[in-house]
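Spelled out, the chains give:
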Amino acid sequence: MRSVTAETITEAFLGYFGDEVNPRTHQLMERLAHHVHEFAKEVELTHDEWRACIEFLTEVGNITTAERNEFVLLSDVLGLSSLVDMIHSDPHGTSSSVLGPFHISNPPRLPYGGDLKRDNDGELVLVQGRVVGPAGEPISGAELDIWQTATNGMYSSQDDAQDTFNFHGLMTTDESGRYAFTTVKPVPYTVPTDGPVGRILDATGRHPWRPSHLHVIARAQGFRTLVTEIFPDDDPYLDQDTVFGVRSDLVMRYQARAAAEFPDGMVLSGQVETAFEQVDFDLRLVAD
Ligand code: BEZ
Ligand code: FE
């Protein structure tokens, strides 16, 4: 098209496509161009603003490494990561939630009743529950991949004082689909703010806090892998998670328990001399 105008540019873009474009690619690119063009027209994007966007994205690329992906963080704070989760979350199963950048593959295995706390500071918490299928049937042999921060709000990969796998563990459900482990009560923490995404938070008057949470990936043969999080119901940031990860079925009461109530069959059994908190959380998986 020779005399392209603001009215015809989206149509011209489409007209440049070849004949054999994959239908999904066609749909994604056509809709993307439509929304980007409409956005520029609606806000009357200036050259300075356009240049600032390009410089911003360049900075996001420059700061991104294998350990730190600023593009993912950008998607997280824009709500895009959570929106993709919501679109594909099955209402018959436990809600999914953001993976975040701090998952580490192949953490050490924990037995049933294993201990993630070890000699770390923090309030002792017993986390237990079952992994079940759509009709509530127990799933034995399901794998739970669990991770969280230490009480300083840092994941092991952010903190030289922690071992690589501190607060990372892998456990398998028993024949009744049960799991149990001890850990410390998670704390709220901030997403990284020292890069360009931090400037977006600043410019929009947003804080960088996430409510305290425990990350879980549940995998079982024949079921969809679930990436989710468990949040305590008394966290001050539950209604303002900067990455939009909270869902009501993921918010749990941490119940106060006396030392004498600590169950048998745990790795810590017999050593617990203090009160602890207990959270019961069942994970419901849907068929693959
Ligand atoms: C996290 O929960 O680990 C996380 C999620 C999104 C951005 C940063 C951290
Ligand atoms: Fe996290």
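Scope of this entry: the structure provided in the associated data block.

Per the secondary structure count, the protein includes six helices and 13 strands. In terms of overall dimensions, the protein has C-alpha extents of about 80 × 40 × 30 Å along its principal axes. Within the span of the protein, comprising 288 residues, buried residues form 42% of the whole. Across the protein, the fraction of contacts at a sequence separation of at least 24, relative to all contacts at a separation of at least 6, is 70%. For the protein, the accessible area works out to roughly 15,800 Å², and carbon and sulfur atoms hold 53% of it. Charged side chains in the protein number 21 positive and 45 negative. The centres of these two groups are separated by 3 Å.

This paragraph deals with the nonpolar core. One finds V131, L144, Y179, F181, L283 and L285 to be the most contacted residues of the largest nonpolar core, which totals 31 residues. Those elements giving two or more residues to this core turn out to be β2 (124-132), β3 (143-147), β5 (178-184), β8 (214-219) and β9 (226-232). Setting aside residues no more than four positions away along its own chain, F181 makes contact with G113, G114, L116, V125, L126, V127, I146, M171, L214 and M266. Listed in part, the ten residues of the second largest apolar core include L74, V77, V98 and L201.

Let us look at the side chain of Q148. Tracing the backbone shows Q148 in the loop between β3 and β4 (168-172). Under the relative-accessibility criterion, Q148 is labelled buried at 0%. There is a polar contact of 3.2 Å between the side chain of Q148 and the backbone oxygen of V184. Every residue in contact with Q148, bar those within four places of it in the chain, is listed here: Y155, F167, T183, V184, K185, P186, H213 and L214.

Helical geometry note: an α-helix holds 3.6 residues per turn, so side chains three or four residues apart project in the same direction. Considered for burial, the residues of helix α5 (residues 80-88) that qualify are S81, S82 and D85. Looking straight down α5, one finds its buried side chains confined to an arc of 95°; they lie on one side. Each element contacted by the buried residues of α5 is listed here: α4 (70-78).

Our focus in this paragraph is the sheet that holds strand β10 (residues 251-252). Across the sheet, which stays open at both edges, the five strands sit in the order β4-β3-β8-β9-β10 with mixed pairing between neighbours. Strands with a single pairing partner mark the edges of an open sheet, and in this sheet they are β4 and β10.

Between helix α3 (residues 47-63) and helix α6 (residues 196-203), the shortest axis-to-axis distance is 9 Å and the interhelical angle comes to 135°. Classified by the angle their axes make, α3 and α6 are oblique. On α6, the residues that touch F56, E59, V60 and I63 of α3 are P196, V197, R199 and I200. In terms of residue class, the contact of α3 with α6 is made up of six nonpolar, no polar and two charged.

Now for the side chain of S96. In this structure, S96 sits in the loop between α5 and β1 (114-115). With residues near it in sequence (within four places) discarded, S96 still touches D85, S89, L226, V227, T228, R247 and L250.

Moving on to the coordination of the iron ion (ligand 2). Tetrahedral coordination by four donors places them ideally at 109.5 degrees to one another around the metal; octahedral coordination by six donors ideally gives 90 or 180 degrees. The protein atoms that coordinate the iron ion (ligand 2) are Y155 (OH), Y189 (OH), H213 (NE2) and H215 (NE2), at distances spanning 1.8 to 2.1 Å. One can describe the donor arrangement at the iron ion (ligand 2) as irregular, given that its six donor atoms subtend angles of 55 to 166° at the metal. Counting gaps between the donor residues of the iron ion (ligand 2) yields the pattern Y-x33-Y-x23-H-x1-H. Here the residue Y155 occupies a position in the loop between β3 and β4, and Y189 occupies one in strand β6 (residues 189-190), the gap between them amounting to 34 residues.

Attention shifts here to unusual backbone geometry. Backbone phi values are negative for most residues with the exception of glycine, while trans is the configuration of most peptide bonds. The residue R118 is not glycine, and still its phi comes out positive at about 45°. Taking relative accessible area as the criterion, R118 reaches 43% and is therefore assigned partly exposed. For F244, which is not glycine, the phi dihedral falls at a positive 65°. As for its position among the elements, F244 is in the loop between β9 and β10.

Turning our attention to the site of ligand 1. Near ligand 1 you find 13 residues, and of these D76, Y189, R210, H213 and H215 are the closest. Between ligand 1 and Y189, the relevant distance is 2.6 Å, taken from an oxygen atom to a side-chain nitrogen or oxygen of the residue. Out of a free accessible area of 270 Å², ligand 1 has 100% covered by protein chains. By residue class, the composition of the shell around ligand 1 is seven nonpolar, three polar and three charged.

Definitions and cut-offs
Residues numbered from 1 in each chain as written. Chains lettered and ligands numbered in written order. Predicted model: local features only at pLDDT ≥ 70, side-chain atom pairs only at ≥ 80, totals over all residues. Heavy atoms only, no water. Helix = DSSP H or I, 4+ residues; strand = E, 2+ residues; numbered from the N terminus. Buried < 20%, exposed > 50% of the residue type's maximum accessible area, 1.4 Å probe, protein only. Contact = heavy atoms within 4.5 Å. Areas by Shrake-Rupley, 256 points an atom, 1.4 Å probe, with all protein chains shown as cover. Lys, Arg positive; Asp, Glu negative; His and termini not counted. Charge placed at Lys NZ, Arg CZ, Asp CG, Glu CD. Core = buried A, V, L, I, M, F, W, Y, C linked by side-chain atoms within 4.5 Å. Polar contact = N/O pair within 3.5 Å; in protein donor to acceptor, adjacent residues only side chain to side chain. Arc of directions from axis to C-beta. Pairing = 2+ DSSP bridges. Axes fitted to C-alpha atoms, helices over the stretch in contact; angles between N-to-C directions. Parallel < 35°, antiparallel > 145°, perpendicular 65-115°, else oblique. Nonpolar A, V, L, I, M, F, W, Y, C, P; charged D, E, K, R; others polar. Donors = N, O, S within 2.8 Å, 3.2 Å for Na, K, Ca; no water. Tetrahedral: all angles 85-135°; square planar, octahedral: opposite > 155°, others 65-115°. Near = heavy atom within 4 Å.

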